[in-house]
Amino acid sequence: MPFLGPVLAFHGATDDAWQLSALVVDAEDPGPLVPEGGQEIPAQPLWTVNGRTAWRYRFAAPLGRSTRYTVAGVEATVQLPGVGMSPRMAYASCNGFSDLATMKRVADKNALWRRMAALHAKTPYNLLLLGGDQVYADSMWSAVPTMKRWAELGWDQANRARFTDTMERQLEAFYFNLYVERWSRPEVAAMLASVPNICMWDDHDLIDGFGSYPPERQGCPVLQGLGGIARRAFAVFQQQVDPKGEAVAGALSPARGFSRGHVVGRLAIVALDMRSERTVDQVLGLEHWGEVFAWMDRLDRAEVDHLLVMSSIPVVYPGFDTIERVLGVVPGQQDLEDDLRDHWNSRPHKGERLRLIHRLLDIAARGIRPTLLSGDVHVGAVGVIEAARGSTAGTTADVVNQLISSGIVHPGPGGMVLFALTHLLDSADEVDRGIVARMTKFPGTSTTFIGGRNFLSLEPDDKKRIWGNWIVENDDHPYVKVIHTVDS
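Now for a quick tour of the structure. Predicted, not measured: the structure shown is a model, and the values here were computed from it.

1. Points about the overall build of the chain
Here is step 1: Within the chain one finds 14 helices and 21 strands.
Here is step 2: For 488 residues, the compact-globule estimate of 2.2 N^0.38 gives 23 Å, and the chain sits close to it at 22 Å.
Here is step 3: Considered along the principal axes of its C-alpha atoms, the chain spans approximately 60 × 60 × 45 Å.
Here is step 4: Burial status across the chain gives 58% buried among its 488 residues.
Here is step 5: With the model as given, the accessible surface of the chain reaches about 18,700 Å², and the carbon-plus-sulfur share is 51%.
Here is step 6: Separation of charge centres in the chain, based on 48 positive and 58 negative side chains, amounts to 1 Å.

Right, here's the structure in full:
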């Protein structure tokens, strides 16, 4: 049996098939992948660390049927939607723990992965959207000796320190092993082997807050070296591309990041890379935004009903001032503060946020329903953006919904914080004249946030709607929100 895998990744759709890849980690060439009724696919090495290699296989799977495949002694089956049909999807984020104390208070760490697998066994998922923090690298500060010593240096001394060969070797081993350890858990591995994924990273896939440190720390040799190795691991394990420069399928701005866009059935999906170019002053660069917006502008209402925008950090969420007030009355919540430090609502990012909001409202006005999918904050929640001006004011085309699902493994911040957040929230955020962003009541409840661990089941129907079902730990029934098309 391999150390890890197979892990399926989605690389695009044609008229009658999906382009997929499978990743396996093994010490030696694990032999060919054999798809049912197809030719053997040879393994391609992507990255070798300490005698173990990540091997990739590229293959196509036909629409409208299940395809069994075998690789490295493992047999799995992938089920794809019919021709012209939108996929049934699961969305998840925060697949790990930010610290040892948090991990110890969770008895059944992968309970929700088992629950997802049970739902998949009844009605198969076709696509798995992983919205950030697929692994948590925070243990690096104690597990990697050179990084532990570096973190103990004074601020200026650490910023001047060089990135050594020993640091590089230890960090390569750490990130490689982190993916193997986290993704080889049986409950996780079962889903990764049978449902193709679209992944986008967030800070914990690198280190907590990466990109939002002061310039002298963010640009120092050690953090830049660390970021390069985390990027290599992300390219291999989450994007399944050669880290030496192979383009990601669907890449929207390959010179600047991993943002990618796909049209699948009558559904468009864009995953925003909000880490590669992040600084204290920006989330994406202007050229990067330009290429993302150009792709969105090319979407055709005759071919696409919905646009799902994967924004790892919520676009609609309480303002930073509110969060600071909450933290002020609930001591000991520094972990929550870390999660919210580099949010869209922080002052340096509000201009980019406003441009994104206007573009999404423009897309709605063209007849395509945009919906934001977000994680990061360790709660389930719903936000909405509404425009009360322009030609679409008062119609269904003036609404953008946001669905937050977080996390599938990381626990929520606890009842005291949820109570404080709910009752100290500003009722609305006027992001521009006539445009309001606000949190709404969570479906089927009288509260705004759900603190239980959760994931989203996104299920299209024959009326072109998408049913968003939050599957929440210890709740027998889902919490449901329906996303209608603009013309309905």
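Next, the rest of the story.
2. Some remarks on the state of the cysteines
Here is step 1: As enumerated under the stated definition, the model contains zero disulfides in all.
Here is step 2: Distance from the sulfur of Cys199, which forms no disulfide, to the nearest cysteine sulfur (Cys94) is 13 Å.
Here is step 3: Exposure remark for Cys199: the relative accessible area of 0% places this residue in the buried category.

3. Considering the nonpolar core
Here is step 1: The biggest cluster of nonpolar side chains holds 108 residues, and the ones touching the most others in it are Leu129, Tyr175 and Phe237.
Here is step 2: Excluding anything up to four places from it in sequence, Leu129 contacts Met89, Ala90, Tyr91, Ala92, Ile198, Ile269, Leu308, Met310, Leu373 and Leu458.

4. Re the packing of aromatic side chains
Each pair of aromatic rings is reported with the distance of its centres and the angle of its planes.
Here is step 1: Summed over all chains, the structure comprises 16 aromatic pairs.
Here is step 2: Where Trp141 meets Trp150, the ring centres are 6.1 Å apart and the plane angle is 20°; that geometry is what we call stacked.
Here is step 3: On the basis of relative accessibility, which here comes to 4%, the residue Trp150 falls in the buried class.
Here is step 4: Summarising the aromatic geometry, the rings of Trp289 and Phe293 are spaced 5.1 Å apart at their centres and angled 20° between planes, so their arrangement reads as stacked. Linking Trp289 with Phe293, this pair stays in helix 10 (residues 286-297), spanning four residues, or about one helical turn.

5. Looking at the environment of Leu4
Here is step 1: Relative to the helices and strands, Leu4 is located in strand 1 (residues 4-13).
Here is step 2: Each C-alpha atom of the pair Leu4 and Ala72 lies 9.9 Å from the other, and the pair is 68 residues apart in sequence.
Here is step 3: Apart from residues no more than four positions distant in its own chain, Leu4 is found in contact with Leu23, Val24, Val25, Tyr179, Val180, Trp183, Ser184 and Phe237.

6. Observations regarding the pattern of salt bridges
Here is step 1: Across all of its chains, the model carries 22 salt bridges by this definition.
Here is step 2: Of the charged contacts, one joins Asp297 and Arg366 as a salt bridge, the two residues approaching to 3.9 Å between their closest N and O atoms. On the criterion of sequence distance, the pair formed by Asp297 in helix 10 and Arg366 in the loop between helix 13 (350-365) and strand 14 (369-374) is long-range, its members being 69 residues apart.
Here is step 3: The partly exposed category is assigned to Asp297, whose relative accessible area is 41%.
Here is step 4: A salt bridge links Glu386 to Arg438; the nearest nitrogen and oxygen atoms lie 3.1 Å apart. Within this pair, whereas Glu386 is found in strand 15 (residues 381-387), its partner Arg438 is found in strand 18 (residues 435-440), the two being separated by 52 residues in sequence.
Here is step 5: Classification of Glu386 as partly exposed rests on a relative accessible area of 29%.
Here is step 6: Here the residues in one salt-bridge network are Glu36, Arg65, Arg68 and Glu75, joined through shared partners.

7. Examining the side chain of His120
Here is step 1: Secondary-structure assignment places His120 in helix 2 (residues 111-122).
Here is step 2: Every residue in contact with His120, bar those within four places of it in the chain, is listed here: Tyr125, Met191, Ser194 and Val195.

8. Focus on unusual backbone geometry
Note: most residues except glycine have negative phi, and most peptide bonds are trans.
Here is step 1: The linkage connecting Gly5 with the following residue, Pro6, adopts the cis geometry, with an omega of 5°.
Here is step 2: Looking at the element boundaries, Pro6 is found in strand 1.
Here is step 3: The backbone of Lys464 shows a phi angle near 70°, a positive value even though the residue is not glycine.
Here is step 4: Of note, Lys464 is situated in the loop between strand 19 (454-460) and strand 20 (466-472).
Here is step 5: On the basis of relative accessible area, Lys464 is assigned to the partly exposed category, the value being 39%.

9. Examining the environment of Leu129
Here is step 1: Following the sequence through the fold, Leu129 ends up in strand 9 (residues 127-130).
Here is step 2: With relative accessibility at 0%, the residue Leu129 sits in the buried group.
Here is step 3: Distance from Leu129 to Ser93, taken between C-alpha atoms, is 8.6 Å for residues 36 residues apart in sequence.

10. Concerning the sheet that holds strand 3 (residues 34-35)
Here is step 1: Across the sheet, three strands lie side by side as 3-6-7; this open sheet has antiparallel pairing. The open sheet has two free edges, formed respectively by strand 3 and strand 7 (74-79), since each of these has just one partner strand.
Here is step 2: As paired elements, strand 6 (residues 66-71) and strand 7 share six bridges and run antiparallel to each other. Bridging across to strand 7, Ser66 finds its partner in Gln79.

Conventions we followed
Residues numbered from 1 in each chain as written. Predicted model: local features only at pLDDT ≥ 70, side-chain atom pairs only at ≥ 80, totals over all residues. Heavy atoms only, no water. Helix = DSSP H or I, 4+ residues; strand = E, 2+ residues; numbered from the N terminus. Rg over C-alpha atoms; globule rule 2.2 N^0.38 Å. Buried < 20%, exposed > 50% of the residue type's maximum accessible area, 1.4 Å probe, protein only. Areas by Shrake-Rupley, 256 points an atom, 1.4 Å probe, with all protein chains shown as cover. Lys, Arg positive; Asp, Glu negative; His and termini not counted. Charge placed at Lys NZ, Arg CZ, Asp CG, Glu CD. Disulfide = S-S within 2.5 Å. Core = buried A, V, L, I, M, F, W, Y, C linked by side-chain atoms within 4.5 Å. Contact = heavy atoms within 4.5 Å. Phe/Tyr/Trp six-rings, centres within 6.5 Å; stacked < 30°, edge-to-face > 60°. Salt bridge = Lys/Arg side-chain N within 4 Å of Asp/Glu carboxyl O. Pairing = 2+ DSSP bridges.

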